[in-house]
Amino acid sequence: MSGIIGKKIGMTSIFQDGKSIGVTLVEAGPCVVTQVKTIEKDGYTAVQLAYGDKKEKNTPAALLGHFKKAGATPKSKLVEFKEFEKALNLGDSIAVADVFVEGDFVDAIGTSKGKGFQGVVKRHGFSGVGGQTHGQHNRQRHPGSVGACSFPSRVFKGMRMAGRTGGDRVKIQNLRIEKIYPEKNLLLVSGSIPGAKNSFVILEK
Amino acid sequence: MSDLIKFVEAESKERRTALPAFNAGDTITVHVKITEGNKERIQLFQGTVIQRKNVNTNGETFTVRKMSSGVAVERIFPVLSPSVEKVELVRKGSVRRARLFYLRDKEGKAARIKEDKKFEDKAKAAPAAPKAAKAPKAKAKA
């Protein structure tokens, strides 16, 4: 696996092979290698990448030491990639073009937009009651029955109900990289990516 | 809009500015590329522009309405679409709004649009204006 950390910029559309496709702009990298994990020392191989500048006064002393070891300035997002395809050393900097080429299929991971407390129709895709008539005067978007009667006398665990929606880690698989602008650290990924603008996005291959 | 989005969309600027300047109310002919099997041919679609949407972005489209043997046909063309071969401005219309959806409720004589006869004068005046600024200098030299 290999990947990179970036920031979602927004969406636009381009024409590819005569078809209009929606693309998401991701400003990704350059990332700094802040830790290299090895089997001897950590029991598995992985590479920790850092992205996004952060003020020194807002960084805990322990983290400052961690960045100092790699010779990097304080960064705001740290992500570990297991079994990174490229051999990297502490303090290395990787850009978009080092990891991806145009036409690659990647998975995008982001934190979806928070929607607050939502009902079952929005949260779980229930269809609601389905009509206003037949006595349904005040329950168009209600969940209906949540269980049986004296057996089992309780509601099963995991029953889908209303609650906090969004703000979850979401992964969208198999998005095509349509274009790379190495000089701008910019990627065009087909389709949409979870999260708000300026939120962190992890792209992995 | 983010600068990076502008940067990406600037690539299509050439294509967007290659089209003649037309607005809602104008009559245009769109040369549409049509592929049938391996053959490619050009079909003409002439009608009135009733709206332009998402101007100056990659998603810009324009809607052309025409009466085809008594049936109204509306087609939406993306400006960047490679199937739009060419656009010709046929007649400049004079209208007061940007979206001419009221034409859908009108037929025959009521659906006419006044011609913008001043347009040619305006077109002449527009390029002439910057020249006029330069002209006195030239005269001064002479």
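The structure this text deals with has already been given above.
Report follows, based on the coordinates.

**Section: the sheet that holds strand 10 (residues 169-181) of chain A**
All names here are of chain A.
Now for step 1: Read once around its circumference, the closed barrel built from six strands follows the order 1-2-11-10-7-12, with strand pairing classed as antiparallel. Across the sheet, the mean angle from the axis of one strand to that of its neighbour is 50 degrees, orientation sign disregarded.
Now for step 2: As defined by bridge partners, strand 2 (residues 19-28) adjoins strand 11 (residues 186-190) across five bridges and the pair is classed as antiparallel. Looking at the pairing, Thr24 lines up with Val189 of strand 11.

**A closer look at the sheet that holds strand 5 (residues 75-82) of chain A**
Residues and elements named next belong to chain A.
Now for step 1: With respect to topology, four strands assemble into an open sheet ordered 5-4-3-6, the strand pairing being antiparallel. Looking at strand neighbours, the two that pair on one side only are strand 5 and strand 6 (93-94), the edges of this open sheet.
Now for step 2: Sheet topology note: the strand 4 (residues 46-53)/strand 5 ladder contains seven bridges and is antiparallel. Looking at the pairing, Ala50 lines up with Leu78 of strand 5.
Now for step 3: Taken strand by strand, helix 2 (residues 61-70) contacts strand 3 (31-37), strand 4 and strand 5, and its axis lies near 95 degrees from that of strand 3.

**Focus on the environment of Arg16 of chain B**
All names here are of chain B.
Now for step 1: For Arg16, the position within the fold is in helix 2 (residues 13-18).
Now for step 2: Put simply, Arg16 and Lys66 are 50 residues apart on the chain and 23 Å apart in space, counted from C-alpha to C-alpha.
Now for step 3: Look past the residues within four positions of Arg16 in its chain and what remains in contact with it is Glu9, Ala10, Asn56, Thr57, Asn58, Glu60, Val79 and Leu80.
Now for step 4: Here Asn56 takes part through its backbone oxygen, which lies 3.3 Å from a polar atom of the side chain of Arg16.

**Re unusual backbone geometry**
Now for step 1: Between Phe151 of chain A and the following residue, Pro152 of chain A, the backbone shows a cis peptide bond with an omega angle of 5 degrees.
Now for step 2: Structurally, Pro152 of chain A is set in the loop between helix 4 (120-124) and strand 9 (163-165).
Now for step 3: One non-glycine residue with positive phi stands out, namely Glu83 of chain A, at about 45 degrees.
Now for step 4: Note on placement: Glu83 of chain A falls in the loop between strand 5 and strand 6.
Now for step 5: Owing to a relative accessible area of 56%, Glu83 of chain A belongs among the exposed residues under this scheme.
Now for step 6: In the Ramachandran plot, Ser69 of chain B falls in the positive-phi region, its phi being about 40 degrees despite a non-glycine side chain.
Now for step 7: Tracing the backbone shows Ser69 of chain B in the loop between strand 3 (61-68) and strand 4 (71-78).

**Considerations on the interface of chain A and chain B**
Now for step 1: Opposite the 16 residues of chain A that make contact, chain B presents 13 residues.
Now for step 2: Carbon and sulfur atoms make up 73% of the area that chain A and chain B hide from each other, which totals about 1100 Å².
Now for step 3: On the surface where chain A and chain B come into contact, there are one salt bridge.
Now for step 4: Our count for the chain A to chain B interface comes out at four residue pairs in polar contact (both at pLDDT 80 or more).
Now for step 5: Among the elements of the structure, strand 1 (3-16), strand 2, strand 10 and strand 11 of chain A are those that each provide at least two residues to the side of chain A that touches chain B.
Now for step 6: Top contributing element to the side of chain A that touches chain B by residue count: strand 1 of chain A, with seven residues.

Basis of the calculations
- Residues numbered from 1 in each chain as written.
- Chains lettered and ligands numbered in written order.
- Predicted model: local features only at pLDDT ≥ 70, side-chain atom pairs only at ≥ 80, totals over all residues.
- Heavy atoms only, no water.
- Pairing = 2+ DSSP bridges.
- Helix = DSSP H or I, 4+ residues; strand = E, 2+ residues; numbered from the N terminus.
- Axes fitted to C-alpha atoms, helices over the stretch in contact; angles between N-to-C directions.
- Contact = heavy atoms within 4.5 Å.
- Polar contact = N/O pair within 3.5 Å; in protein donor to acceptor, adjacent residues only side chain to side chain.
- Buried < 20%, exposed > 50% of the residue type's maximum accessible area, 1.4 Å probe, protein only.
- Buried area = accessible area lost by both parts, 1.4 Å probe.
- Salt bridge = Lys/Arg side-chain N within 4 Å of Asp/Glu carboxyl O.

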